[in-house]
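Structure at a glance
The chain contents come next:
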Amino acid sequence: QVQLVESGGGLVQAGDSLRLSCAPSGRTFSGHAMGWFRQAPGKEREFVAAVSWNSRNTAYADSVKGRFTISRDNGKNTVNLQMNSLKPEDTAVYYCAARILYVSRAPDEYNFWGQGTQVTVSS
């Protein structure tokens with residue numbers, strides 16, 4: 001069953017900004033760390049960013065540091081990924097995921113996943 005739903009993907013030009021959102025479906029993830037991963041054609045699923053259950057800790061892939069910001073609003077039960085200065089290499093399907101409490105960079109450590117949203121950055 002789909003338990004997380006991503007939105008906000010689309011087609012943009014290099015240098016533009018985009019904000020992805022993730023919302024729960026059928027349950028709350030207030031006690032979970034939330035992560036964003038991406039997968040481009042022919043590539044493995046790649047860690048992008050994560051935030052802990054209480055928003056005290058965040059982690060970012062080196063490739064997105066300084067450009068992307070992850071945040072969550074427990075009152076709204078959403079987690080967002082603000083993406084600035086987008087590059088063509090950011091093109092991928094972006095997935096929202098959840099795991100208990102603390103951040104991890106490993107996809108296999110996440111138990112709940114969304115269906116993904118396509119982000120395409122043209123040059």
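Note: the structure precedes this text.
One structure accompanies this document, and this report is about it. Note that the structure is predicted; figures quoted are calculated from it, not measured.

Right, let's get into the pattern of salt bridges. The tally for this structure, following the rule as stated, stands at five salt bridges. When the shortest N-O distance is used, the salt bridge between Arg 38 and Glu 46 registers 2.8 Å. By relative accessible area, Arg 38 is classed as buried at 6%. Ionic pairing is found between Asp 62 and Lys 65, a salt bridge with its closest N-O pair at 3.4 Å. The exposure class of Asp 62 is exposed, given its relative accessible area of 66%. Within the structure, one salt-bridge network assembled from shared partners comprises Arg 38, Glu 46, Arg 67 and Asp 90.

With five of its six residues buried, strand S5 (residues 46-51) lies for the most part within the structure. Pairing of strand S4 (residues 32-39) with S5 involves five bridges; the strand directions are antiparallel. When the sheet's bridge partners are listed, Trp 36 is paired in S5 with Ala 49. Hairpin connection of S4 to S5: six residues between the antiparallel strands, including Gly 42 at a positive phi of 80 degrees. Sheet analysis places S5 next to strand S6 (residues 58-60), joined by three bridges and oriented antiparallel. Looking across to S6, one finds that Val 51 is bridged to Thr 58. Connecting S5 to the antiparallel partner S6 that follows it, the hairpin turn spans six residues, and Ser 55 within it adopts a positive phi of roughly 65 degrees.

Quick look at the side chain of Arg 38 now. By the secondary structure assignment, Arg 38 is in strand S4. In terms of polar contacts, Arg 38 uses its side chain to reach the side chain of Ser 63, at 3.5 Å. Side chain to side chain, Arg 38 and Asp 90 meet in a polar contact 2.9 Å long. Excluding its chain neighbours within four sequence positions, the residues that come into contact with Arg 38 are Glu 44, Arg 45, Glu 46, Val 48, Ser 63, Val 64, Phe 68, Glu 89, Asp 90, Ala 92, Val 93 and Tyr 94.

Thresholds, definitions, all that
- Residues numbered from 1 in each chain as written.
- Predicted model: local features only at pLDDT ≥ 70, side-chain atom pairs only at ≥ 80, totals over all residues.
- Heavy atoms only, no water.
- Salt bridge = Lys/Arg side-chain N within 4 Å of Asp/Glu carboxyl O.
- Buried < 20%, exposed > 50% of the residue type's maximum accessible area, 1.4 Å probe, protein only.
- Helix = DSSP H or I, 4+ residues; strand = E, 2+ residues; numbered from the N terminus.
- Pairing = 2+ DSSP bridges.
- Polar contact = N/O pair within 3.5 Å; in protein donor to acceptor, adjacent residues only side chain to side chain.
- Contact = heavy atoms within 4.5 Å.

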